[in-house]
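Now for the letters of each chain:
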Amino acid sequence: MMRLFLLFLLAGNYAFATADSVAIDGKAFVKHIQVLASDAFEGRKPFTAGEKKTVDYLKTAFQKAGLQPGNGKSYFQDVPMVNIASTPAGPLMLKGKNGTVSLANLTDFVVTTPHVENQVKITDSELVFVGYGIVAPEYNWNDYAGLDVRGKTVVVMVNDPGLIDSTLFKGNIMTYYGRWTYKYEEAARQGAAGVLIVHESKAASYGWSVVRSSFSKSKLYLQAADNNRSRATVEGWLTLDAAKSLFKHAGVSPELFREAGVRGFKPVKLGLTTSLVINNQITKSTSQNVLALLPGTDRKNEYIIYTSHWDHLGKSEAIKGDSIYNGASDNASGTAALLELAETFAKLKKKPSRSILFLAVTAEEQGLLGSEYYATHPVFPLAKTVANINMDAFIPVGRTKDVVIVGKGQSDLEDYAEAAAARQGRFIRGDFNPSAGSYFRSDHFNFAKVGVPALYLKTGVRSVKNGEAWGKAQLEDHNLNRYHAPSDEYSSSWDLSGILEDMQLLFNVGYRLSNESTFPGWKTGSEFKAARDKK
Ligand SMILES: [Zn+2]
């Protein structure tokens, strides 16, 4: 395996860095992937023997690299979670002046509850259509204006108005206001008892089968002091057809779906009520984030945080006789990179001015829970946290001319990435499918939510050797045949040259930040700017 030597020049952007040459050790990196993605680690699912092996391995590697425990005297942060398996006791009943219509579980709707109780119910809760269900001061948009939805059930559309009118929000780039998790959060802030999102494949960027399968399994949540009672009692989705029949039963026009995207839209009371009982099976367990600190020299109370999720899907349904979901790309690669970057930073002759935290988080695959826990229970002050740099699922396609910035246009960190890419003779580009909201789908997002500028890069497609069409085909092949499948395994045929170059880029970004005194910010129009400005 090759060694990449990084030479730091005393020039331009690197005025704060001393001349320094460090090596990202490709051999050590591969060894970490091989161990983490081995069958012995059982697919690294939280609460399994695979978790124990994984977190012990990470702790030992951080220790060996000479890093300090990241949480007081410990390399671990407990993440208490609760698993809730929700089953609706019957169909979803819609009662109106024209009688009662019932919708069938899984075929027409799915529901869960985050409330940690054996049984929850909503009774005769009034239904209100709130359009996109968005309160966005920076876009002067409030679907809940003048409306009191306490105890009511809101019916809401997925995505944001920019999807159909490019002059609204960020056009076809989905803002966080478009994401289903936001719909739940806003409905809860408004005091709604229930929230039902209308599914539409294009707006959601995935089909009903994805919604159905993820809701027919149990769901994992962080344990909260209030047992999640601040959230809506019922959280769920309706198929587009079910929503249309609901509208018909209410005697309102399906034109409302379009009108909801026009400025000045007013919510519509549907004149229907709904009742539902949900039974729960509840299990509590604790998993772990693993964290290690490289203390800074002059500005040690300011932090750069690198993150990677260590977890994957564990053992599950066998495909072609293989039941271990090794997650070599997703995310043994990012976790191995985290260890390798920790080792690289620790070996620097001149230590960085700012502190660097290496944080391997749990339960990303279950809803970004480990990073949510850290962001809401930070060990180090968020106001002094300069940046988050996330690594999730490198793909071994070899060297590329391009680097993809997921959610491009959010923060100043992108300018750092662009400069670092240029030094490698590469260029940056945005997501290929900006309306899918990829920026909200990995761990950096939880840092963004609390205002910490967060950067997430993905493997590019313009292959140096084989061109862009080939690179795109590789990416599609990966998504189709290996993503979240037992075949996401390490192979000695992996071409690591591109991953090592990406790691070098991410090292350079963190290194530059760690020797500066500035705090990069959110770009104007970012939905996360307000959270930072408050700090
Ligand atoms: Zn991942």
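Here, residues in each chain are numbered from 1, in the same order as that chain's written sequence. The predicted origin of the model limits local features to residues at a pLDDT of at least 70 and limits the giving and counting of side-chain atom pairs to 80 or more, whereas totals for whole chains, interfaces and linings rest on all residues. Side-chain measures here rest on the full set of heavy atoms in the structure, leaving out hydrogens and waters.

The protein chain has the name M28 family peptidase in an unreviewed UniProt entry, where Larkinella humicola is given as its organism.

Visitor: What is the right way to look at the pattern of salt bridges in this model?
Guide: When charged atoms on two side chains of opposite charge get close, those side chains can pair. Salt bridge, as applied in this entry: a Lys or Arg side-chain nitrogen positioned within 4 Å of an Asp or Glu carboxyl oxygen. A complete count under the given rule lists 23 salt bridges for this structure. R150 is the partner of D148 in a salt bridge, and the nearest nitrogen-oxygen pair spans 2.9 Å. Between buried and exposed lies partly exposed: a residue is buried under 20% and exposed over 50% of the maximum accessible area for its type, with that area taken using a 1.4 Å probe on protein chains only. Classification of D148 as partly exposed rests on a relative accessible area of 38%. The class for R150 is exposed, based on a relative accessible area of 61%. If you follow the salt bridges from partner to partner, you end up with D402, R429, R462, E468 and K472 in one network.

Visitor: Sorry if this is basic, but what is going on with the packing of aromatic side chains here?
Guide: Centre-to-centre distance and the angle between the planes together describe a pair of aromatic rings. Classification of ring pairs rests on two measures: the distance between centres of Phe, Tyr or Trp rings, Trp counted by its six-membered ring, which must be within 6.5 Å, and the angle between planes, read as stacked under 30 degrees, edge-to-face over 60 and tilted in between. Scanning the entire structure with this criterion turns up 30 aromatic pairs. With centroids separated by 5.1 Å and ring planes inclined at 80°, the aromatic side chains of F129 and F247 adopt a geometry described as edge-to-face. On the criterion of sequence distance, the pair formed by F129 in strand 8 (residues 119-129) and F247 in helix 6 (residues 240-250) is long-range, its members being 118 residues apart. For the pair F129 and F247, a shared accessibility class is recorded, and that class is buried. Between W141 and F169, the ring centres sit 5.5 Å apart and the planes meet at 70°, which makes this aromatic pair edge-to-face. The helix count covers DSSP runs of H or I at least four residues long, the strand count covers runs of E at least two residues long, and both are numbered beginning at the N terminus.

Visitor: I tried to follow the confidence of the model for the protein chain on my own but got confused; where do I start?
Guide: In low-pLDDT regions, the fine details of the predicted coordinates are not to be read closely. A residue's pLDDT is simply how confident the predictor is in it, with values from 0 to 100. Here the protein chain averages 93 in pLDDT, while 96% of its residues score no lower than 70. When the criterion is pLDDT under 50, residues 1-20 qualifies, and its contacts beyond four places in sequence or with other chains add up to 55 contacts. Note on contacts: a residue pair qualifies if any of its non-hydrogen atoms lie within 4.5 Å across the two residues.

Visitor: What should I look at first to understand the domain arrangement of the protein chain in this one?
Guide: The extent of an interface is frequently quoted as the accessible surface area lost upon association of the parts. Along its sequence, the protein chain is organised into domain 1 (22-80 + 286-534) and domain 2 (83-282). The split into domains, and so the bounds of each, comes from an automatic or database assignment of domains. The C-alpha-based centres of domain 1 and domain 2 are spaced at 32 Å. Each side of the interface is counted separately: domain 1 has 20 residues, and domain 2 has 20 residues. By buried area we mean the combined loss of accessible area, with a 1.4 Å probe, across both parts when two parts are placed together. Taken as a group, S435, F440 and E527 account for 29% of the area that domain 1 buries against domain 2, more than any other trio of residues on that side. Linking domain 1 to domain 2 there are two salt bridges. The salt bridge involving E527 is made with K170; its shortest N-O contact spans 3.3 Å. A 3.5 Å cut-off defines polar contacts: any pair of N or O atoms within that distance qualifies, except that in protein one atom must be a possible hydrogen donor and the other a possible acceptor, and neighbouring residues in sequence count only when both atoms are side-chain atoms. Where domain 1 touches domain 2, the interface holds seven residue pairs in polar contact (both at pLDDT 80 or more).

Visitor: Just checking my understanding: could you explain the environment of T335 for this structure?
Guide: By the secondary structure assignment, T335 is in helix 8 (residues 328-347). Sequence separation of T335 and W310 is 25 residues, and the distance between their C-alpha atoms is 5.8 Å. In contact with T335, other than residues within four places in its own chain, are L36, L58, S308, H309 and W310.

Visitor: How should the environment of G296 be read in this particular structure?
Guide: Within the secondary structure, G296 is located in the loop between strand 15 (268-294) and strand 16 (299-309). Judged by its relative accessible area of 11%, G296 is buried. Non-local contacts of G296, meaning those with residues more than four positions away in its chain, are made with P352, S353, R354 and S355.

Visitor: I'm lost on the packing of helix 1 (residues 26-36) against helix 8 in this one. Help?
Guide: For any two helices packed against each other, one specifies the crossing angle of their axes together with the interaxial distance. Axis definition: a line fit to C-alpha positions, over the contact stretch in the case of helices; interaxial angles, taken between N-to-C directions, run 0 to 180 degrees. Put simply, helix 1 and helix 8 touch, their axes get as near as 8 Å, and they point 140° apart. Between helix 1 and helix 8, the interaxial angle falls into the category oblique. Pair helix 1 / helix 8 crosses with right-handed handedness. In this structure, helix 1 contributes A28, F29, H32, I33 and L36 to the contact, and helix 8 contributes A328, A332, S333, T335, A336, A337, L339, E340 and E343. Nonpolar residues are Ala, Val, Leu, Ile, Met, Phe, Trp, Tyr, Cys and Pro. Charged residues are Asp, Glu, Lys and Arg, and all others, Gly as well, are polar. Taken together, the residues of the contact of helix 1 with helix 8 break down into nine nonpolar, three polar and two charged. Our angle categories are set so that under 35 degrees counts as roughly parallel, over 145 as roughly antiparallel, 65 to 115 as roughly perpendicular, and the remainder as oblique. Rotating anticlockwise by less than a right angle from the far helix to the near helix defines a left-handed crossing, while the corresponding clockwise rotation defines a right-handed one.

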